[in-house]
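In case you want the letters, here they are:
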Amino acid sequence: MKLGLIAGNGRFPFLVLDAARAQGYDVTIVAAKEEAFPELTDAARRHGAPIHWISIGQLGACLDLLTAAGVTRAVMAGQVKHNRLFAGGIVPDLTFLSVLRQLTSKNTDGLIGAVANVLRQRGIELVDSTALLQPLLAGSGVLTRRAPTSDERQDLEFGYRVADVIAGLDVGQTVAVKQQAVVAVEAMEGTDEVIARAGLVAGPGVSIVKVAKPRQDMRFDVPVVGCATIRAMHAAGAAALSIDAGKTLMVDGAAIVAAADEAGIAIVGRPR
């Protein structure tokens, strides 16, 4: 069984590689050199998996490499910061340019959905990015020793209404709330930056709500939290975190809950 792993930033690609090899997949990795961790080369070597480093803009090269490897199914794992399209430094090839020209908006769903269509045209089906990692999806209910206080629960409930709207608009997936007021809203900058900004704006006691999109496509842009999220919350003085059960990948597993317990942070998995 041949599987293509299109790798971006973070630990997500490492987890997919480990799980795929354990389940007998023959994995070919195409890694974004601007985003993926260099250590992915060592992980690929340990698993005997070929790895190819290309620029984010080289969509044609990505397709050619996967096709040459006989790949018919692929997984996208890891973040590629959306703002790279606007900050410069990315040179799109002709294939990527053709995708960009077809877009009416360059939001995440539109862009990656168009890439998925190009993959399908080449006989490569993009599949659920969490299919190999079901045990790492967030559970439902209070996940930490400490449950949210009454005030924190009110902030979380308030935050759901706002976060669900911005996620539905494909703006971002995270909002920070304090005393039922929106402190910070995510756009392209990422969750950790939102948390840090919320701490600067409102001080300790902020609650963080991270949601899946109302029609979340589990092939890409799946919400992800890790120990780094908890460290960012602790540094900002944030008190509570809500994530969507069954839709959010906890990349560090039980270590996330342990870190939150040590920091006195409450984590809740919202049933969806």
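Residues numbered from 1 in each chain as written. Predicted model: local features only at pLDDT ≥ 70, side-chain atom pairs only at ≥ 80, totals over all residues. Heavy atoms only, no water.

**Student:** Go over the pairing of strand 7 (residues 174-178) with me, naming the residues and quoting the values.
**Tutor:** Counting buried positions over the 5 residues of strand 7 gives 4, a clear majority of the element. Judged from the 4 bridges that link them, strand 7 and strand 8 (residues 181-185) form a sheet pairing that is antiparallel. Bridging from a neighbouring strand, V177 pairs with V182 of strand 8. If you look at the hairpin formed by strand 7 and strand 8, you'll find 2 residues sitting between the two strands, and Q179 has a positive phi there, around 50°. (Buried < 20%, exposed > 50% of the residue type's maximum accessible area, 1.4 Å probe, protein only. Helix = DSSP H or I, 4+ residues; strand = E, 2+ residues; numbered from the N terminus. Pairing = 2+ DSSP bridges.)

**Student:** Mind laying out the sheet that holds strand 1 (residues 2-7), listing which residues take part and the relevant values?
**Tutor:** Strands belonging to one sheet form pairs held by backbone hydrogen bonds; the direction of such a pair is parallel or antiparallel. Here we have 5 strands laid out as an open sheet, ordered 3-2-1-4-5, and parallel in their pairing. Pairing within the sheet leaves two strands with one partner each, and these edge strands are strand 3 (51-54) and strand 5 (125-126). On top of the sheet, helix 3 (residues 59-68) reaches strand 1, strand 2 (26-32) and strand 3; it is set at about 170° to strand 2, its chief contact. (Contact = heavy atoms within 4.5 Å. Axes fitted to C-alpha atoms, helices over the stretch in contact; angles between N-to-C directions.)

**Student:** Can you lay out the environment of K247 for me, pointing to particular residues and giving the numbers?
**Tutor:** Topologically, K247 is positioned in the loop between strand 11 (240-244) and strand 12 (249-250). Judged by relative accessible area, K247 falls into the partly exposed class, the value being 28%. For the pair K247 and V182, spaced 65 residues apart in sequence, the C-alpha separation works out to 23 Å. Apart from residues no more than four positions distant in its own chain, K247 is found in contact with L137, A212, M218, V222 and P223.

**Student:** Can you explain the packing of aromatic side chains? Please cite residues and give values.
**Tutor:** Enumeration over the complete set of coordinates arrives at 1 aromatic pair. Taking NZ or CZ as reference, R270 lies 4.4 Å from the ring centre of Y160, over its face. (Phe/Tyr/Trp six-rings, centres within 6.5 Å; stacked < 30°, edge-to-face > 60°. Lys NZ or Arg CZ within 6 Å of the ring centre and 35° of its normal.)

**Student:** Just give me the short version of the packing of helix 9 (residues 227-236) against helix 10 (residues 254-263), but keep the residues and values in it.
**Tutor:** Taken N-terminus to C-terminus, the directions of helix 9 and helix 10 make an angle of 15°; their axes are 8 Å apart at the nearest point. By the angle between their directions, the pair helix 9 and helix 10 is classed as roughly parallel. In this structure, helix 9 crosses over helix 10, and the sense of that crossing is right-handed. Each of C227, I230 and H234 in helix 9 lies in contact with helix 10, whose residues at this interface are A255, I256, A259, A260 and A263. (Parallel < 35°, antiparallel > 145°, perpendicular 65-115°, else oblique. Left-handed = near helix turned anticlockwise from the far one by under 90°.)

**Student:** Describe helix 6 (residues 108-121), with residues and values.
**Tutor:** With 14 residues, helix 6 should reach 20 Å at 1.5 Å per residue; the first-to-last C-alpha distance of 20 Å fits that figure. Listed as buried for helix 6 are T108, L111, G113, A114, V115, A116, V118 and L119. (Expected span 1.5 Å × (residues − 1).)

**Student:** Please give an account of the sheet that holds strand 8 that cites residues and values.
**Tutor:** An order of 6-13-11-9-7-8 is seen for the 6 strands of this open sheet, with the pairing classed as mixed. In this open sheet, the two strands that pair with only one neighbour each are strand 6 (141-142) and strand 8. In the sheet, strand 6 pairs with strand 13 (residues 266-270) via 2 bridges, with the strands oriented antiparallel. Bridge pairing links V142 to V268 in strand 13. Against the sheet, helix 8 (residues 191-202) makes contact with strand 7, strand 8 and strand 9 (207-210), and its axis sits at roughly 135° relative to strand 8, the strand it touches most.

**Student:** Describe the side chain of T229, listing the residues and the values that go with them.
**Tutor:** Inspection of the secondary structure assignment puts T229 in helix 9. Of the residues examined, T229 reaches a relative accessible area of 6% and is grouped as buried. Setting aside residues no more than four positions away along its own chain, T229 makes contact with D192 and I195.

**Student:** How would you sum up the packing of helix 1 (residues 12-22) against helix 2 (residues 40-47)? Please name residues and give values.
**Tutor:** Put simply, helix 1 and helix 2 touch, their axes get as near as 11 Å, and they point 5° apart. Considered as vectors, helix 1 and helix 2 are oriented roughly parallel to each other. Note on element contacts: helix 2 touches helix 1 through L40, A43, A44 and H47, opposite P13, F14, L17, D18 and R21. Along the lines of polarity and charge, the residues of the contact of helix 1 with helix 2 split into 6 nonpolar, 1 polar and 2 charged. (Nonpolar A, V, L, I, M, F, W, Y, C, P; charged D, E, K, R; others polar.)

**Student:** Pulling in residues and values, what's your account of helix 9?
**Tutor:** For helix 9, the complete set of buried residues consists of C227, T229, I230, A232, M233 and A236. Positioned one or two residues after helix 9, G237 has a phi angle of 80°, which is positive.

**Student:** Got a sec to walk through the environment of N107? Specific residues and values, please.
**Tutor:** Tracing the sequence through the fold places N107 in the loop between helix 5 (94-102) and helix 6. The spacing of N107 and M233 is 126 residues in sequence and 27 Å in space, taken between C-alpha atoms.

**Student:** Account for the pattern of salt bridges, naming residues and giving values.
**Tutor:** Under the definition given, this model contains 14 salt bridges. Residue D26 pairs with K2 through a salt bridge whose shortest N-O separation is 3.0 Å. Of this pair, D26 sits in strand 2 while K2 sits in strand 1, and the two are 24 residues apart along the sequence. By relative accessible area, D26 is classed as partly exposed at 34%. When the shortest N-O distance is used, the salt bridge between R145 and D261 registers 3.8 Å. Highlighted residues: R145 in the loop between strand 6 and helix 7 (150-168) and D261 in helix 10, separated in sequence by 116 residues. Judged by its relative accessible area of 71%, R145 is exposed. Connected through salt bridges with shared partners, the residues D164, D244, R270 and R272 form a single ionic network. (Salt bridge = Lys/Arg side-chain N within 4 Å of Asp/Glu carboxyl O.)

Take it as geometry only, folks, not as evidence of what the structure does.
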